[in-house]
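In case you want the letters, here they are:
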Amino acid sequence: MGNFLFRLSKLILGLFLYAVGIIVTINANIGYAPWDVFHVGMHLTVGLSLGRVSILTGFVIVILTVLLGEKLGIGTILNMLLIGIFMDIILSSKIIPVATSFAFGVVMLVVGLLIISFATYFYISPGFGAGPRDGLMVALSRKLKLSVGICRSIIEFSALAVGYFLGGMVGIGTLMYVMLIGFVVQVTFNILKFDPKTIRHESIKDSIDRVKAR
């Protein structure tokens, strides 16, 4: 039980850091990440808070992923719920400033990417399941017989296109995010000596059985 709680705490810390990283990149004010373009566009269109839009989007993606045959983990559900909740809390606190110059925006974007990369380690390493968007990527790859990379690109481009037409900000920061996020995450994983391919993710049933066994 102690190990389970430690892993769960690590997951929640990772999700909190991920929310911080998202808000830092948004407040950089030089263009949003593809999914954030979509979330902000929906926020401007339907009037819900950014966090609630993120939660509803995740909920729809989770349903679609299950219909495509993928198993859910505790991490999938908490990812769907907590990142959005943390985003609204952080935004309402106004603790993270909005960049008022391009140079400051670039610095904030890079800092945000670093936070997101460490957050990714914290929420993947406990092995509680992929996030909704990652799960959809894997599900589409299986069903369409396409590479994970191609499916990820299709998903990201679709979110970006819809979000842009709904009013989400696309700019130099969007391009920087797309070009740098993979590199920054890989460097972070190398520093931490972490290989995500070695992680065996548990389904919700696996997690429950493991707790019962203890």
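Definitions and cut-offs
- Within each chain, residues carry numbers counting from 1 in the order of the written sequence.
- Two thresholds apply to this predicted model, a pLDDT of at least 70 for residue-level local features and 80 or more for giving and counting side-chain atom pairs, whereas whole-chain, interface and lining totals are computed over all residues.
- With hydrogens and water set aside, each side-chain value is computed from the structure's full complement of heavy atoms.
- Note on ring pairs: Phe, Tyr and Trp rings are taken, using the six-membered ring of Trp, and paired if centres are within 6.5 Å. Classes follow the plane angle, with under 30 degrees stacked, over 60 edge-to-face and the rest tilted.
- Only protein chains enter the area calculation, which uses a 1.4 Å probe; residues under 20% of their type maximum are buried, those over 50% are exposed, and those in between are partly exposed.
- For the purposes of this entry, the term helix denotes a DSSP run of H or I that reaches at least four residues, the term strand denotes a run of E that reaches at least two, and both are numbered from the N terminus.
- The length a helix should cover is 1.5 Å for every residue beyond the first.
- In this analysis, two residues are considered to be in contact whenever any of their non-hydrogen atoms come within 4.5 Å of each other.

**Notes on the packing of aromatic side chains**
Item 1. Counted by the stated rule, this structure contains 8 aromatic pairs.
Item 2. Each ring, one from Y164 and one from F165, has its centre 5.6 Å from the other, and the planes form 70 degrees; the classification is edge-to-face.
Item 3. Among the residues examined, Y164 registers a relative accessible area of 48% and is labelled partly exposed.
Item 4. Using a relative accessible area of 70% as the deciding quantity, one classes F165 as exposed.

**Comments concerning helix α2 (residues 34-46)**
Item 1. For α2, built from 13 residues, the straight-helix expectation of 18 Å at 1.5 Å per residue is met to within 8% by its first-to-last C-alpha distance of 19 Å.
Item 2. Taken as a whole, α2 has its buried residues at P34, W35, D36, V37, F38, H39, V40 and G41.
Item 3. In the segment just after α2, G47 is the residue with positive phi, at about 85 degrees.

**Here's the deal with the environment of L50**
Item 1. Structurally, L50 can be placed in helix α3 (residues 50-67).
Item 2. L50 gets classed as buried once you look at its relative accessible area, which sits at 9%.
Item 3. Residues in contact with L50, not counting those within four places in the same chain, are I26, H39, V40, H43, M87, D88 and L91.

None of this, on its own, says anything about what the molecule does.
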